[in-house]
Amino acid sequence: MRDPDGLIARAGVRGDPDRDQHFLVDDRVLDRLPSYLTESDADTSHLLEIGGGTGVLTDRLLAVGDEVTVVERDRELAEFLREEFADEIAAGELTVVQGDALEVDLPEFTASVSNLPYGVSSEIAFRLFPEKKPLVLMFQQEFAERMVAEPNTAEYGRLSVSSQHYADIELVESIPKEAFSPPPAVQSAVVRAIPREPDYEIDDEDFFLRFVKALFTQRRKTIRNAIRNTGHISGLAEPEAVVEAADEDVLRKRAGAMAPAEFAALAQLARDVGEPIDD
């Protein structure tokens, strides 16, 4: 495996916190990241990496994947990756895409292992989740804890429900600041997401996610009042009709106590009787 410090030196760059650049340099962490994918028997025939940086993780992914595609926003780093991994590119094992991961066309990948840019980690994660592929992603620790949180905990919220809608989410490792150069201001964590169908049915996924978002903007209110107060967010033309049709036990709850399946049932009811404006 290529040495992380050697790659940084050859690239002639330094991490820039102002640009959300923190290079992972701990060999032990780097070696473990692909294992969280392989130990789950994921298909590694085409791996996607978001934010290739100097190629420290790319190098490890090439060792376990038949083909790797790296998306790197920084033009100079993308060019360095093409030079550093010229042999792998020539062999058809690696493709380097220069561009914003939120805008470029993603390949038909089978799984992703990525140290995400923290400033856009949420947006990238929710671009990847609907692809329903195994994911091993690095986030800020606090963000990761919110993803895996259970109802009736302080961390549980919209992010928890939305993430767990798509996959079984597990926080598999916490990463100290010292594993990066330069060290970020916060600790990091690795999350593994294994896609699966939820244990509930919904007819309109976009409305469900929008409805969850709306109710969590009023998390201190009862569900009754949250429904009434957020029609402009959920898009309900008749929120009062939902309140009248919903079970009283549900209406007395608060969003932080609602399991994803309860949100799904309530969202289905809201869609049926609340006249969503988009319909």
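Residues numbered from 1 in each chain as written. Predicted model: local features only at pLDDT ≥ 70, side-chain atom pairs only at ≥ 80, totals over all residues. Heavy atoms only, no water.

Side note on the packing of aromatic side chains
So, point 1. Using the criterion set out here, one finds eight aromatic pairs in the structure.
So, point 2. When the ring of Phe126 is compared with that of Phe129, the centres are 5.2 Å apart and the planes differ by 70 degrees; the resulting orientation is edge-to-face.
So, point 3. Using a relative accessible area of 26% as the deciding quantity, one classes Phe126 as partly exposed. (Phe/Tyr/Trp six-rings, centres within 6.5 Å; stacked < 30°, edge-to-face > 60°. Buried < 20%, exposed > 50% of the residue type's maximum accessible area, 1.4 Å probe, protein only.)

Notes on the UniProt feature "domain: Ribosomal RNA adenine methylase transferase N-terminal" (unreviewed entry) in the chain
So, point 1. UniProt annotation of "domain: Ribosomal RNA adenine methylase transferase N-terminal" (unreviewed entry) refers to residues 29-197 when read in the numbering used here.
So, point 2. Annotated as 35% helix and 26% strand, the span residues 29-197 places its first and last C-alpha atoms 30 Å apart. (UniProt positions renumbered as here; feature names shortened; annotations may be inferred. Helix = DSSP H or I, 4+ residues; strand = E, 2+ residues; numbered from the N terminus.)

Structural notes on the nonpolar core
So, point 1. Ranked by size, the top nonpolar core spans 52 residues in total, and within it Phe139, Phe208, Phe211, Ile223, Ile227, Phe263 and Leu266 carry the most contacts.
So, point 2. Counting residues per element, this core draws most heavily on helix 9 (residues 205-216), at seven residues.
So, point 3. Here this core spans two domains, since at least three of its residues come from each of domain 1 (4-195) and domain 2 (205-274). (Core = buried A, V, L, I, M, F, W, Y, C linked by side-chain atoms within 4.5 Å. Domains from an automatic or database assignment.)

Overview of the UniProt feature "binding site: S-adenosyl-L-methionine" (unreviewed entry) in the chain
So, point 1. In the numbering used here, UniProt assigns the "binding site: S-adenosyl-L-methionine" (unreviewed entry) feature to His22, Leu24, Gly51, Glu72, Asp100 and Asn115.
So, point 2. The residue Leu24 is located in strand 1 (residues 23-24) in this model.
So, point 3. Discounting chain neighbours no more than four positions away, the residues touching Leu24 are Pro4, Val29, Leu30, Leu33, Val56, Asn115, Met138, Ala179 and Phe180.
So, point 4. Mapped onto the fold, Asn115 is located in strand 5 (residues 111-115).
So, point 5. When residues no more than four places from it in sequence are discounted, the contact partners of Asn115 are His22, Leu24, Ile50, Gly51, Leu57, Met138 and Phe180. (Contact = heavy atoms within 4.5 Å.)

Overview of helix 1 (residues 4-11)
So, point 1. Within the span of helix 1, buried status applies to Pro4, Gly6, Leu7, Ile8 and Ala11.
So, point 2. Among the residues trailing helix 1, Gly12 stands out with phi positive, at a value near 65 degrees.

Points about the environment of Asp272
So, point 1. Following the sequence through the fold, Asp272 ends up in helix 14 (residues 260-273).
So, point 2. You can call Asp272 exposed: its relative accessible area is 53%.
So, point 3. When the C-alpha atoms of Asp272 and Val242 are compared, they prove to be 8.7 Å apart, with 30 residues separating the residues in sequence.

Looking at helix 3 (residues 56-64)
So, point 1. Of all nine residues that make up helix 3, seven are buried, and the element is covered over most of its length.
So, point 2. Those residues of helix 3 that fall on the buried side of the exposure criterion are Val56, Leu57, Thr58, Asp59, Arg60, Leu61 and Leu62.

As for the pattern of salt bridges
So, point 1. Inspection of the entire model under this criterion finds 19 salt bridges.
So, point 2. With a closest N to O distance of 2.8 Å, Arg2 and Glu84 form a salt bridge. Of this pair, Arg2 sits in the segment before helix 1 while Glu84 sits in helix 4 (residues 75-84), and the two are 82 residues apart along the sequence.
So, point 3. On the accessibility criterion, Glu84 (17% relative accessible area) is buried.
So, point 4. Residue Asp31 is joined to Arg60 by a salt bridge in which the shortest nitrogen-to-oxygen separation is 3.0 Å. One end of the pair, Asp31, is in helix 2 (residues 27-38); the other, Arg60, is in helix 3, with 29 residues separating them in the sequence.
So, point 5. Its relative accessible area of 44% is what places Asp31 among the partly exposed residues. (Salt bridge = Lys/Arg side-chain N within 4 Å of Asp/Glu carboxyl O.)

Observations concerning the domain arrangement of the chain
Note: interface size is frequently given as the accessible area lost on complex formation between the parts.
So, point 1. For the chain, the assigned domains read domain 1 (4-195) and domain 2 (205-274).
So, point 2. Between the C-alpha centres of domain 1 and domain 2 the distance comes to 34 Å.
So, point 3. Between domain 1 and domain 2, the contact holds twelve residues from the first and 14 residues from the second.
So, point 4. Contact between domain 1 and domain 2 buries roughly 1,000 Å² in total, counting both sides, with carbon and sulfur atoms accounting for 60%.
So, point 5. Considering only the side of domain 1, the residues that lose the most area to domain 2 are Tyr156, Arg158 and Val161, jointly responsible for 48% of the buried surface there.
So, point 6. At the junction of domain 1 with domain 2, the criterion picks out zero salt bridges.
So, point 7. Viewed at the interface, domain 2 and domain 1 are joined by four residue pairs in polar contact (both at pLDDT 80 or more).
So, point 8. Grouping the amino acids of the side of domain 1 that touches domain 2 by side-chain chemistry returns five nonpolar, six polar and one charged. (Buried area = accessible area lost by both parts, 1.4 Å probe. Polar contact = N/O pair within 3.5 Å; in protein donor to acceptor, adjacent residues only side chain to side chain. Nonpolar A, V, L, I, M, F, W, Y, C, P; charged D, E, K, R; others polar.)

Quick word on the environment of Val190
So, point 1. Locating Val190 in the fold gives a position in strand 9 (residues 188-195).
So, point 2. For Val190, a relative accessible area of 0% translates into the label buried.
So, point 3. Residues Val190 and Gln140, spaced 50 residues apart in sequence, show a C-alpha to C-alpha distance of 8.6 Å.
So, point 4. In this structure Val190 touches Leu33, Tyr36, Val136, Leu137, Met138, Glu170, Leu171, Val172, Glu173 and Ile175, once residues within four positions along its chain are discounted.

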